[in-house]
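# Commentary on secondary and tertiary structure
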Amino acid sequence: MAEGAALLVDEVFPEQPVREWVLSVPYPLRFLFASQPKVMGRALGIVYRCIATHLIRKAGFTRKTARTGAVTLIQRFGSALNLNVHFHMLFLDGVYIERADGGLRFRWVKAPTSAELNELTQTLARRIGRYLERQGLLERDAENSHLTHLVGDDFEAGAMGQVLGSSITYRIAFGPERGRKVFTLQTLPACDELFDEGVGKVAGFSLHAGVAARADQRRKLERLCRYITRPAVSEKRLTLTPNGNVRYRLKTPYRDGTTHVIFQPLDFIARLAALVPKPRVNLTRFHGIFAPNSQYRARVTPARRGRGGQPDTTAHGEERMPVERRAAMTWAQRLKRVFNIDIETCPNCGGAVRTIACIEDPEVIGRILAHLERKSPDPETTRPPSRGPPQLGLFG
């Protein structure tokens, strides 16, 4: 998580504003995207082209004269460990245009309005629907549209299809309670307040673009990258109940006051299995000027890797590879960046602390820890002296 976020900030995103676009899709499409990664990839391409065209037109240019880029993190999980395929797209909050001298100039674009989000969501729903219809995956009639349930190699069938479907719909996959809703705990009162402001919603599609980082907010951008590259399960929110079930605390309570979901052990394993993607499915995608074959990638990214890119060099003109640049960080810098542990500042007085040695040999580390354990005081001898019970009569 931390390493992936650091790589995106250090080597991919230039010092320009970045906005997060989050697209959620209807339940049937979540099952389709989990079953057919190729269809998901084509749909993601449609999403990128729609948003990129919106940014370019809003900046007053055309696709021939302006360029933008994005990095997509495909997440397969929801807050309740349910299968929820959705897209977190980090877009440049603007476009690049080429100057007469051959250089690139960045043009910032204002944040989308609610009306623009609704229009974009409607466009996405319509274009994705047309694509699925052309592929024979969507059938329309006079009243509604529905996905065709084909059985074959392209669709999940049997037990795995049951696991995916149950995870998407918050139901138990196996055991005597199969088909019932997952047990939840509601420890907070229901909230009737609406949180849909600034979100485009059309036919089960939801588009949000309310989080952005300015060009000078690199730390905020890295925190955002850590958030979207986080793992599916948070061990801090995972506990066992006295009767052996698995209790998982939601990161954000639901509107009805639900704060926890509880799984039987077998159903918990089924939930984890549903979150595993198919082999050789890349969940990180690069678009536009960030694409591997883009002629602009080497010109805008800090790493300068790509077609025609010039590698970074040291003060003496020696070439430095990205691995060497990351290896130049000290252990103290890594601890502070990844775990927010600052060992170079005294916790008592706030003064600077000098590192006198960095011990990496496991054998030496083991001897030092064993010595400290022997020298540590015995807890039995450091207890405070015992005292009798309080005498109530003193204050009567």
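Because the structure is a prediction, the values reported are computed rather than measured.

### Focus on the nonpolar core
If you look at the biggest cluster of nonpolar residues, it comprises 62 residues, and the most contacted ones within it are Trp21, Phe33, Phe87, Met89, Phe91 and Leu132. By residue number, the principal contributor to this core is helix α3 (residues 37-58), which donates 12 residues. Those residues within four positions of Phe91 in sequence are excluded, and the remaining contacts are Pro17, Val18, Arg19, Trp21, Tyr48, Ile51, Ala52, Leu55, Thr68, Gly69 and Ala70. The next biggest cluster of nonpolar side chains, apart from the first, holds 22 residues, and it includes Tyr96, Leu104, Leu221 and Cys225.

### Details of the sheet that holds strand β6 (residues 104-108)
If you trace the 3 strands from one edge of the open sheet to the other, you get β2-β5-β6, paired in antiparallel fashion. Every other strand in the sheet has two partners, leaving β2 (66-67) and β6 as the edge strands with one partner each. Note: β2 against strand β5 (residues 94-98), 2 bridges, orientation antiparallel. If you follow Ala66 over to β5, its bridge partner there is Ile97.

### Looking at the pairing of strand β1 (residues 18-24)
For β1, the buried fraction is high: 7 of the 7 residues fall into the buried class. What you see with β1 is no split at all: Val18, Glu20, Val22 and Ser24 on one side and Arg19, Trp21 and Leu23 on the other are buried throughout. In this sheet, strand β11 (residues 205-213) lies alongside β1 in antiparallel orientation, the contact comprising 6 bridges. Of the residues in β11, the one forming a bridge with Leu23 is Leu207.

### A few points about the sheet that holds strand β3 (residues 69-77)
The strand order across the open sheet built from 6 strands is β10-β11-β1-β4-β3-β15, with neighbouring strands paired in antiparallel fashion. With partners counted over all chains shown, the strands left at the sheet margins are β10 (199-202) and β15 (284-288), one partner each. Across the sheet, the axes of successive neighbouring strands diverge by a mean angle of 20 degrees, strand direction being ignored. Of the strands in this sheet, β1, β3, β4 (83-92) and β15 are in contact with α3, which crosses β4 at around 35 degrees.

### A few points about helix α6 (residues 218-228)
Listing the buried residues of α6 in full gives Arg218, Leu221, Glu222, Leu224, Cys225 and Ile228. What you see down the axis of α6 is that its buried residues fit within an arc of 160 degrees, all on one side. Exposed positions of α6 whose direction lies more than 90 degrees from the buried face are Arg219 and Arg223. Tucked inside the fold, the buried residues of α6 contact α1 (2-12), β1, β3, β4, β11 and α10 (331-339).

### Observations regarding the packing of aromatic side chains
The geometry of an aromatic ring pair is captured by the separation of the ring centres together with the interplanar angle, meaning the angle of the planes. Counted by the stated rule, this structure contains 6 aromatic pairs. Judged by centre distance (5.4 Å) and plane angle (10 degrees), the ring pair of Tyr48 and Phe91 falls under stacked. Pair noted here: Tyr48 is in helix α3 and Phe91 is in strand β4, with a separation of 43 residues, a long-range link. Here the two residues Tyr48 and Phe91 agree in accessibility, since each one is buried. With 6.2 Å between their ring centres and 40 degrees between their planes, Phe263 and Phe268 make a pair best called tilted. The pair Phe263 / Phe268 is uniform in exposure class, with both members buried. An aromatic cluster of three or more residues is present, and its members are Trp21, Tyr48 and Phe91.

### Things to note about the pattern of salt bridges
This structure, assessed with the given rule, holds 8 salt bridges. Across the salt bridge formed by Arg99 and Asp101, the nearest N and O atoms sit 3.3 Å from each other. Given a relative accessible area of 38%, Arg99 falls into the partly exposed group. Arg367 is the partner of Glu363 in a salt bridge, and the nearest nitrogen-oxygen pair spans 3.3 Å. One end of the pair is Glu363 and the other is Arg367, both in helix α11 (residues 362-375) and 4 residues apart, which spans about a single turn.

### Structural notes on the side chain of Asp267
Within the secondary structure, Asp267 sits in helix α7 (residues 265-275). Although Asp267 lies buried, it forms no salt bridge, and the closest oppositely charged side chain, Arg271, sits 4.3 Å away as judged by the N-O distance. In contact with Asp267, other than residues within four places in its own chain, are Arg171, Ile172, Ala173, Phe174 and Val182.

Reading the values: the criteria
- Sequence order as written defines the numbering, with residues in each chain counted from 1.
- Residues qualify for local features only when their pLDDT is at least 70, as the model is predicted, and side-chain atom pairs are given and counted only at 80 or more; totals for whole chains, interfaces and linings, by contrast, use all residues.
- As a rule here, side-chain values cover all heavy atoms of the structure and leave hydrogens and water aside.
- Residues belong to a common nonpolar core when they are buried Ala, Val, Leu, Ile, Met, Phe, Trp, Tyr or Cys residues joined through side-chain atoms within 4.5 Å.
- Each residue is placed in one exposure class: buried if its accessible area under a 1.4 Å probe, protein chains only, is under 20% of its type's maximum, exposed if it is over 50%, and partly exposed if it falls in between.
- Helix and strand definitions follow DSSP, with helices as H or I runs of at least four residues and strands as E runs of at least two, each counted in order from the N terminus.
- Whether two residues are in contact is decided by their heavy atoms, any of which lying within 4.5 Å being enough.
- When DSSP finds at least two bridges between two strands, those strands are taken to pair.
- Interaxial angles span 0 to 180 degrees and are taken between N-to-C directions of axes, which are lines fitted to C-alpha atoms, for helices over the stretch in contact.
- The directions from the helix axis to the C-beta atoms form the arc being described.
- Here a pair means two rings of Phe, Tyr or Trp (six-membered ring of Trp) with centres within 6.5 Å. Their orientation is stacked below 30 degrees between planes, edge-to-face above 60, and tilted elsewhere.
- A pairing counts as a salt bridge when a side-chain nitrogen of Lys or Arg comes within 4 Å of a carboxyl oxygen of Asp or Glu.
- Residues scored as charged are limited to Lys and Arg (positive) and Asp and Glu (negative), so that His and the chain ends carry no count.

Interpretation in functional terms is not warranted from these geometric data alone.
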